[in-house]
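# Residue-level structural notes
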Amino acid sequence: MQFILEDIAEAEVERRRGVYTPLTDTVRDLVDAVIRTEVGEDALAVAQRRIAEIVADLRSEQMDGPYGVRHTRENTGMAWGNAVIGVRNALAPPLNVEHVDDGVRCEFTLGAAYEGPPGCVHGGVCAMLLDHLLGNAASYESACYTGTITIRYLRPTRLGALTARAWVTEQTGRKRIARGTISDAEGVTCEAEGVFIVPRSALDAPPVRWSAG
Ligand SMILES: CCCCCCCCCCCCCCCC(=O)SCCNC(=O)CCNC(=O)[C@H](O)C(C)(C)COP(=O)(O)OP(=O)(O)OC[C@H]1O[C@@H](n2cnc3c(N)ncnc32)[C@H](O)[C@@H]1OP(=O)(O)O
């Protein structure tokens with residue numbers, strides 16, 4: 001399990017981000033369109049064939065495994081396959097994590113692809129987003145791994161515009177305790193507390209800025 005040095009300039013990171021972001025956004029839109037389409041079965045069959053052709057084009061040149069977790073020499077994080085923030089991952093909402101005085105926060109919108117209970121966000125999705133955000137708040141020196149996380153669902157989280165935040169409450173050695181919440185317009189819907197640990201192997205690693213995907 002290793003982080004990968006992508007030896008490119010910051011301008012090249014931004015150029016590539018500009019190339020992949022619209023592609024990923026369109027695939028995200030495709031996922032939503034497939035869930036909600038009401039076109040006839042003939043149109044569905046045509047769509048399936050056209051999408052399969054695009055998949056074959058993209059598969060004509062592929063990397064061997066997953067994208068991996070990369071960083072530049074300037075320590076800009078490129079977790080572009082990440083399930084929560086990945087620039088190249090249409091399954092990621094994505095969260096654009098912002099660093100604030102007491103931790104991290106983000107505003108995001110969850111649509112039909114994240115449904116669990118009718119009209120509401122799947123509990124596992126809330127847990128995934130909170131896990132990432134608490135981990136991000138705890139990763140102010142080196143990337144932390146989740147040891148234990150507990151989620152308390154206070155009331156259903158409706159699909160739509162949401163805000164989440166996370167902050168560290170305690171640090172002892174390599175261990176950090178972080179807390180966080182997801183809120184809608186009426187207030188907090190679920191809250192989390194977790195233990196995040198800097199693995200021994202990461203102690204000498206330089207700090208990486210992970211907020212940008
Ligand atoms: C990282 C990916 C980057 C991705 C790029 C995007 C980056 C964006 C920012 C980052 C955001 C990340 C957010 C998502 C993070 C994941 O999703 S990580 C994936 C899920 N987690 C895992 O796979 C972790 C698997 N477990 C492990 O690798 C190891 O067990 C751990 C957690 C590193 C701990 O191993 P260790 O360093 O050998 O721990 P050890 O020395 O035994 O114990 C150290 C301390 O931690 C405590 N501890 C150990 N294990 C646990 C536990 N499970 N629960 C509670 N406490 C524990 C011990 O009791 C001890 O406490 P003290 O005695 O010092 O008080």
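Residues numbered from 1 in each chain as written. Predicted model: local features only at pLDDT ≥ 70, side-chain atom pairs only at ≥ 80, totals over all residues. Heavy atoms only, no water.

Further remarks concern the packing of aromatic side chains. Counted according to the given criterion, the structure contains 2 aromatic pairs. When the centroid spacing of 6.3 Å and the interplanar angle of 15 degrees are considered together, the rings of Y67 and W80 count as stacked. Placement of the pair is Y67 in the loop between α2 (41–59) and β2 (70–71) and W80 in the loop between β3 (77–78) and β4 (98–100), with a sequence separation of 13 residues. W80 shares its class with Y67; the two are buried. These aromatic residues form a ring-pair network of at least three members: Y20, Y67 and W80. Note that R70 overlies the ring of Y67, its terminal NZ or CZ placed 3.7 Å from the centroid. (Phe/Tyr/Trp six-rings, centres within 6.5 Å; stacked < 30°, edge-to-face > 60°. Helix = DSSP H or I, 4+ residues; strand = E, 2+ residues; numbered from the N terminus. Buried < 20%, exposed > 50% of the residue type's maximum accessible area, 1.4 Å probe, protein only. Lys NZ or Arg CZ within 6 Å of the ring centre and 35° of its normal.)

All right, on to the site of the ligand then. The immediate surroundings of the ligand are formed by 18 residues, with T146, T148, R174, K175 and R200 found nearest. Taking T146, its main chain carries an N or O atom lying 3.1 Å from a nitrogen atom of the ligand. A distance of 2.7 Å separates a nitrogen atom of the ligand from a polar side-chain atom of T148. Relative to its free-state accessible area of 1,300 Å², the ligand is covered by the protein chains to the extent of 58%. Only α3 (123–138), β6 (145–153) and β9 (187–197) provide two or more residues apiece to the shell around the ligand. Of the residues that constitute the shell around the ligand, the class distribution is 7 nonpolar, 7 polar and 4 charged. (Near = heavy atom within 4 Å. Polar contact = N/O pair within 3.5 Å; in protein donor to acceptor, adjacent residues only side chain to side chain. Areas by Shrake-Rupley, 256 points an atom, 1.4 Å probe, with all protein chains shown as cover. Nonpolar A, V, L, I, M, F, W, Y, C, P; charged D, E, K, R; others polar.)

Here the focus is the sheet that holds β3. Within the open sheet, the 3 strands sit side by side as β1-β2-β3. Their pairing is mixed. Across the chains shown, the open sheet's two edge strands, defined by having one partner strand only, are β1 (4–5) and β3. Inspection of the sheet shows β2 paired to β3 by 2 bridges, in the antiparallel sense. Its bridge partner being in β3, H71 is matched across the sheet by G77. (Pairing = 2+ DSSP bridges.)

Before going further, it helps to spend a moment on the nonpolar core. The biggest cluster of nonpolar side chains holds 31 residues, and the ones touching the most others in it are L95, F108, L110 and L133. Listing elements by their share of this core, those giving two or more residues are β5 (103–110), α3, β7 (160–172), β8 (175–184) and β9. Residue contributions to this core peak at 8 residues, all from α3. If we skip the residues at most four places from it in the chain, L133 touches L95, V97, V104, C106, A164, R165 and A166. Membership of the second largest hydrophobic core comes to 6 residues, among which are I8, V13, W80 and V87. (Core = buried A, V, L, I, M, F, W, Y, C linked by side-chain atoms within 4.5 Å. Contact = heavy atoms within 4.5 Å.)

Once that is clear, we can look at the pairing of β8. The buried fraction of β8 is high, at 8 of 10 residues. Relative to β8, β7 is paired through 9 bridges, and the arrangement is antiparallel. Counted as the bridge partner of A164 is I182 from β8. Between β7 and β8, which pair antiparallel one after the other, the connecting turn spans 2 residues, and G173 there sits at a positive phi close to 60 degrees. Pairing of β8 with β9 involves 10 bridges; the strand directions are antiparallel. Bridge pairing links I182 to C190 in β9. Where β8 folds back onto β9 in an antiparallel hairpin, the turn is made up of 2 residues.

Further remarks concern the UniProt feature "domain: Thioesterase" (unreviewed entry) in the protein. Annotation from UniProt places "domain: Thioesterase" (unreviewed entry) at residues 119–190. Secondary structure within residues 119–190 divides into 22% helix and 50% strand; the distance between the first and last C-alpha atoms comes to 16 Å. (UniProt positions renumbered as here; feature names shortened; annotations may be inferred.)

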